[in-house]
Amino acid sequence: GKPIHVVLEVVKRLLEQLGYIHASGVFHRDIKSNNVLVTPDERARLVDFGSSTGDGPLVGLTNFFCSRLNQAPEALYLAASDAQPAFDIYQTGILLMEIAGASTQWAMQYVLGPVNGSQARYCQFYGRMPSEMEIAARLPEEWTALAAVIVKATGERPEHGYASSQEMRQDIARRVLTQAVDH
């Protein structure tokens, strides 16, 4: 794979794009690896706005979230019109966990319990995301500083998470810089 600093630059660029669309009143609602294209020069391109909602020209036509296993828990009971940056930030935290090497299937067992096939569409939130220590234990050493970012982005209560994609981007930069200095 790519070195951590290259991968995190792509993630930070994704978060910049989210900041832009959020400022425009649009919420993507389907952040996952298939919807983030990386150009040969390591630039992230967010695609597939089919599940998006908001006031902008990119808004999709659907009223549901396509990818249930990386959906913010509160999205299970809020209407599409109640979408907020926290939805995309949560999904970016799940994506970061996946990129870092922790299985999202493993993590989702905490949140959704066993999910298979069509049950994913109708599942109910009943659990919690893994703790920082549980996530860090599943990550390669160079990624462990990001366990706190993942936990904050995917926490049970969005009001305790990142207020914006910009805040998450800054925290990633700070933690990676701190980890590089410590090693």
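Look up a bit, the structure's there.
A word on the overall build of the protein chain. Counting its regular elements, the protein chain contains 7 helices and 4 strands. For the protein chain, the α and β elements follow one another from N to C terminus as α-β-β-β-β-α-α-α-α-α-α. Going through the 183 residues of the protein chain one by one, you find that 46% of them count as buried. When contacts within the protein chain are restricted to residue pairs at least 6 apart in sequence, those whose partners lie at least 24 apart make up 60%.

Attention now goes to the packing of helix 1 (residues 4–23) against helix 2 (residues 85–100). Geometrically, a packed helix pair is captured by the angle between its two axes and the distance between the axes. Contact pair helix 1 / helix 2: the axes reach a minimum separation of 11 Å and the direction vectors enclose 170°. Judged by the angle between their axes, helix 1 and helix 2 are roughly antiparallel. When helix 1 is examined against helix 2, the residues Val 7, Leu 8, Val 11, Leu 14, Leu 15, Leu 18 and His 22 are found in contact with a partner set consisting of Pro 85, Asp 88, Thr 92, Leu 95, Leu 96 and Ile 99. Looking at the contact of helix 1 with helix 2 residue by residue, the class counts come to 10 nonpolar, 2 polar and 1 charged.

Nonpolar side chains tend to gather and get buried jointly when the protein is soluble and globular. Counting 35 residues, the largest nonpolar core has Leu 14, Leu 46, Leu 96, Trp 143, Leu 146, Met 168 and Ile 172 as its most contacted members. Going through the elements one at a time, helix 1, strand 3 (44–46), helix 2, helix 6 (147–153) and helix 7 (165–182) are the ones with two or more residues in this core. In this structure Leu 46 touches Leu 14, Gln 17, Leu 18, Ile 21, His 28, Ile 31, Asn 35 and Val 36, once residues within four positions along its chain are discounted.

What follows covers unusual backbone geometry. Of note in the backbone geometry, Arg 29 takes a positive phi value of approximately 70° without being a glycine. Turning to its location among the elements, Arg 29 is positioned in the loop between strand 1 (26–27) and strand 2 (36–38). The backbone of Glu 42 shows a phi angle near 65°, a positive value even though the residue is not glycine. Here Glu 42 is to be found in the loop between strand 2 and strand 3.

In this model helix 1 runs 28 Å from its N-terminal to its C-terminal C-alpha over 20 residues, within 8% of the 28 Å that 1.5 Å per residue would give. All buried positions along helix 1 are accounted for by Ile 4, Val 6, Val 7, Leu 8, Val 10, Val 11, Lys 12, Leu 14, Leu 15, Leu 18, Ile 21 and His 22.

Along the chain, Arg 169 falls in helix 7. In terms of polar contacts, Arg 169 uses its side chain to reach the side chain of Gln 166, at 3.1 Å.

For Ser 51, the location among the structural elements is in the loop between strand 3 and strand 4 (53–54). Assessed through its relative accessible area of 1%, Ser 51 is described here as buried.

Rules of the game
Residues numbered from 1 in each chain as written. Predicted model: local features only at pLDDT ≥ 70, side-chain atom pairs only at ≥ 80, totals over all residues. Heavy atoms only, no water. Helix = DSSP H or I, 4+ residues; strand = E, 2+ residues; numbered from the N terminus. Buried < 20%, exposed > 50% of the residue type's maximum accessible area, 1.4 Å probe, protein only. Contact = heavy atoms within 4.5 Å. Axes fitted to C-alpha atoms, helices over the stretch in contact; angles between N-to-C directions. Parallel < 35°, antiparallel > 145°, perpendicular 65-115°, else oblique. Nonpolar A, V, L, I, M, F, W, Y, C, P; charged D, E, K, R; others polar. Core = buried A, V, L, I, M, F, W, Y, C linked by side-chain atoms within 4.5 Å. Expected span 1.5 Å × (residues − 1). Polar contact = N/O pair within 3.5 Å; in protein donor to acceptor, adjacent residues only side chain to side chain.

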